[in-house]
Amino acid sequence: MIPNTNPATERANTAQPDRNAATTVLAGESIEKRYGSVEVLSDVSIEIPAAAVTALVGPNGTGKTTLLRLLLELESPTSGTVTYEGPQTARRIGYLPQRPSFRPGFTVAETIEFYASLVETAVDSDRILDRVRLTDARNRPVEALSGGMTRLLGVGQSIVGSPPVVIFDEPASGLDPTMANRVFEVADELAAAGTAVVLTSHNLSLVSRHADRVEILSEGTVTELTAPQTLATRYGVADLREAYHAVVTADPADHGDGDDERPRDDPTDGERQ
Amino acid sequence: MTAHSALGQGTAIAAREVKTVLRTRIYALLAVGLFGFLFVLVAGGGGAATGYTPAIVDLLLPLEVIVPVLAIAIGYRSVVADLDRGELAVFTTYDVPAPVYVTAVYLGRSVGMLGMLGLPLVATGAVIAFTASPDTGVFATHSGVDSPVLFGRFVVLTALYGLSMLSIVLLGSVIARSLRTAIALAIGAVLVAVVGGDAAILAGLTDGWLGPSSLSWSFAVVPNSAYRSLVLETVIAIAAPTEEAYGSPAASAIGLFSWIIGPLFAAAAIVARKRL
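Residues numbered from 1 in each chain as written. Chains lettered and ligands numbered in written order. Predicted model: local features only at pLDDT ≥ 70, side-chain atom pairs only at ≥ 80, totals over all residues. Heavy atoms only, no water.

Student: How do you make sense of the nonpolar core when you look at a structure like this?
Tutor: Side chains of a nonpolar character, in soluble globular proteins, are inclined to be buried together. With 157 residues, the main nonpolar core has I167 of chain A together with Y101 and F154 of chain B as its most contacted residues. When near neighbours in sequence (up to four residues on either side) are disregarded, Y101 of chain B contacts I13, S78, V79, D82, L88, F91, V96 and V271 of chain B. Judged by nonpolar contacts, the second largest core, of 5 residues, contains I201, L210, L215 and F219 of chain B. (Core = buried A, V, L, I, M, F, W, Y, C linked by side-chain atoms within 4.5 Å. Buried < 20%, exposed > 50% of the residue type's maximum accessible area, 1.4 Å probe, protein only. Contact = heavy atoms within 4.5 Å.)

Student: I'm lost on helix α9 (residues 179–207) of chain B in this one. Help?
Tutor: Owing to its 3.6 residues per turn, the α-helix aligns residues three or four sequence positions apart on the same side. All names here are of chain B. Taking 1.5 Å per residue, 29 residues should reach 42 Å; α9 reaches 39 Å between its end C-alpha atoms and fits that length. Approximately 35° is the largest bend angle found in α9, and it occurs at G196. By the burial criterion, the buried members of α9 are A182, A186, V190, A193, V194, G197, I201 and G204. Looking at the buried positions of α9, the neighbouring elements they touch are α4 (52–75), α5 (80–84), α8 (148–175), α10 (215–221), α11 (223–239) and α12 (249–273). Of the residues one or two after α9, G208 is the one with positive phi, at around 90°. (Helix = DSSP H or I, 4+ residues; strand = E, 2+ residues; numbered from the N terminus. Expected span 1.5 Å × (residues − 1). Bend = angle between axes of the 7 residues up to and from the residue.)

Student: Please explain the sheet that holds strand β4 (residues 79–84) of chain A as it appears in this structure.
Tutor: Paired through their backbone hydrogen bonds, the strands of a sheet run either parallel or antiparallel. Residues and elements named next belong to chain A. Read across the sheet, 3 strands follow the order β2-β1-β4 without closing on themselves; strand pairing throughout is antiparallel. Two strands lie at the open edges of the sheet, namely β2 (38–49) and β4, each paired on one side alone. Shown here is a sheet whose adjacent strand axes are inclined to one another by a mean of 15°, direction ignored. Pairing geometry for strand β1 (residues 24–35) and β2, over 8 bridges, is antiparallel. The residue of β2 that forms the bridge with L26 is I48. (Pairing = 2+ DSSP bridges. Axes fitted to C-alpha atoms, helices over the stretch in contact; angles between N-to-C directions.)

Student: Even after reading the chapter, I still don't get the environment of K19 of chain B, so can you show me in this structure?
Tutor: Residues and elements named next belong to chain B. Structurally, the position occupied by K19 is in helix α1 (residues 3–23). On the basis of relative accessibility, which here comes to 38%, the residue K19 falls in the partly exposed class. Here the alpha-carbon distance between K19 and A268, two residues 249 residues apart in the chain, equals 22 Å.

Student: So what exactly am I meant to see when it comes to the packing of helix α2 (residues 25–45) of chain B against helix α7 (residues 98–131) of chain B here?
Tutor: When two helices pack together, their arrangement is given by the angle between the helix axes and the distance between those axes. Residues and elements named next belong to chain B. At a minimum axis distance of 9 Å, the contact between α2 and α7 shows a crossing angle of 30°. Taken together, α2 and α7 sit at an angle that is classed as roughly parallel. Considering the relative orientation of α2 and α7, their crossing is right-handed. Only R109, M116, L117, P120, L121, A123, T124 and V127 of α7 make contact with α2, whose side of the interface consists of Y27, L30, A31, L34, F35, L38, F39 and V42. Classifying every residue of the contact of α2 with α7 by side-chain character gives 14 nonpolar, 1 polar and 1 charged. (Parallel < 35°, antiparallel > 145°, perpendicular 65-115°, else oblique. Left-handed = near helix turned anticlockwise from the far one by under 90°. Nonpolar A, V, L, I, M, F, W, Y, C, P; charged D, E, K, R; others polar.)

Student: Sorry if this is basic, but what is going on with the packing of aromatic side chains here?
Tutor: Each aromatic ring pair is summarised here by two numbers: the centre-to-centre distance and the angle between the ring planes. The full count for this structure, using the stated rule, is 10 aromatic pairs over all chains. Measuring from ring centre to ring centre gives 5.1 Å for F114 of chain A and Y115 of chain A, while their planes differ by 65°; the resulting arrangement is edge-to-face. When the centroid spacing of 5.6 Å and the interplanar angle of 50° are considered together, the rings of F91 of chain B and Y101 of chain B count as tilted. With F91 of chain B in helix α6 (residues 87–92) and Y101 of chain B in helix α7, this pair connects stretches of sequence that are 10 residues apart. Across the pair, Y101 of chain B and F91 of chain B agree in class, each one buried. Among the aromatic residues, those joined into a ring-pair cluster are F102, F114 and Y115 of chain A together with F91, Y94 and Y101 of chain B. Above the plane of the ring of Y94 of chain B lies R91 of chain A, whose end atom (NZ or CZ) is 3.7 Å from the centre. Stacked on the ring of F106 of chain A, the Lys or Arg R23 of chain B has its end atom at 4.7 Å from the ring centre. (Phe/Tyr/Trp six-rings, centres within 6.5 Å; stacked < 30°, edge-to-face > 60°. Lys NZ or Arg CZ within 6 Å of the ring centre and 35° of its normal.)

Student: Which parts of the structure should I look at to understand the confidence of the model for chain A?
Tutor: Fine structural detail should not be taken from predicted coordinates in areas where pLDDT scores are low. Residue and element names in this part refer to chain A. Summary statistics for chain A give a mean pLDDT of 82 and a share of 83% for residues scoring 70 or more. Per-element confidence in chain A is highest for helix α3 (residues 108–116), whose mean pLDDT is 97, and lowest for helix α10 (residues 252–255), whose mean pLDDT is 42. Counting contacts from residues 250–273, a segment whose pLDDT is below 50, to residues more than four positions away or on other chains yields 47 contacts. (pLDDT = per-residue confidence, 0-100.)

Student: What is the right way to read unusual backbone geometry from this model?
Tutor: Residue and element names in this part refer to chain A. If you check the backbone angles, R133 has positive phi at about 60° while not being a glycine. Within the secondary structure, R133 is located in the loop between α4 (125–131) and α5 (147–158). Take R133: its relative accessible area is 33%, and that puts it in the partly exposed class. A positive phi is found at S162, a non-glycine position, where the angle reads about 50°. Among the structural elements, S162 can be located in the loop between α5 and β6 (165–169).

Student: Where do I start with the interface of chain B and chain A in this structure?
Tutor: Size of an interface, as often reported, equals the accessible area lost when the parts are brought together. Contact residues are listed per partner, giving 27 residues for chain B and 25 residues for chain A. With both chains or domains summed, chain B and chain A bury close to 2200 Å², and 54% of this area falls on carbon and sulfur atoms. Together, R85, T93 and Y94 of chain B form the three largest contributors to the area buried by chain B at its contact with chain A, with a combined 32%. Along the contact surface separating chain B from chain A lie 3 salt bridges. Across the pair E110 of chain A and R23 of chain B runs a salt bridge, and its minimum N-O distance is 2.8 Å. Sort the elements by how many residues they give to the side of chain B that touches chain A and α1 of chain B lands first, with 11 residues. (Buried area = accessible area lost by both parts, 1.4 Å probe. Salt bridge = Lys/Arg side-chain N within 4 Å of Asp/Glu carboxyl O.)

Next comes the structure, spelled out in structure tokens:
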């Protein structure tokens, strides 16, 4: 029988006894982002600690992807600052886009080796493929991969060069429960190895299970970054799902499933590792 | 970023472009098709039987049209496809500088362009060597003699023209935000640069704001006119000298190189500022 364990809790109890003392590697302070007259983010401050999975959740259109793009410096904030505070490495931040896609005509191994050739440090491509469970598919053309395997290849690409921070934008979106869980497991393993993992997701079940810290974005502002259960306790509710509804709506009962892509009978609810 | 890593990144990206070209069968088919077309032109026009220079005369005008088409085929997807897949955003996390990326993509695609264009032209030259009259085998050292050297010069000039067209198409691919707009932009950019330029010169002469004395530099400003001018002055005029100069070879050469370098600078500047 496989024991029921929470990877985030295990990490907190072993690798990081005092998570508040975790080193901040990426920080955003008083971030505001406007597109013309439309304000997407307002006075958002966030600290991304090393060796932890930080999840940003919230309804569609609340600025999760925008916040990730600001952290990646793909865009500049209208006001406020984003500061990388981690070690100086060949690659500072890895990135898994929401819909990762790769140049067709190349195999999985060739694709990872191509990205490996973009960093100065030596990269063990085989180890990366092993880490994302794609060793058996190493000679398969990328256009022949399933959606989940493409996402895993994207995760593999994001960790090329061992960046201290990796950012996953909706890593479980559109994946079956097993594959979605596998992607989150990789996030767990990266955090356990000391990487700061930042991700967005609508899958509150996986977030609750794997994230060390959760931040809920609603109408351009955020709740305090804290552990999922702490958030639930603060709002006097049972779990992250109810805390989410308490934050994004006045009446959780009226909100139904909200934007959570996971159906009520999601098999991941009972999945144990 | 050190110079070494920029060189390493550029080499990796250029190598990926070369592999992409080599693995895309349509490009090989286009090269074969081009050879067939050139063969029909020189055979049908009689150039193949009479020598290199007559064959060049047969090929010049069709190549002015075909080369831009090849450039569009090989270059319109080059950058916009990376943007479409989100790879340009990913490249920023590897600190790939925009000039390195643009130059590497261009160099990689250039290998394809030169292969697609150069191999059929060299094959055509070989056909002429076997079918033309005996004195075309002479490597001329003075004017008035047909020679493979002249054909070689024609191939080099055509390659330069192709590279300038590829540079313009790549700029269109950088500006585009989707594959659909990329093909439209590539066609539009080539039409403006080629047909628009010739039309502007013609309009200038007709309306009087361009005098005959300005023609020399006017030809140099338009890529296909610069190419035509160079071929006429440095290839055909060698074998068949005329009293009237078509244009200034130096100005045309500068013009053609400017059409290679200029769009690449613009493309790098746009990629650096593009919302990825």
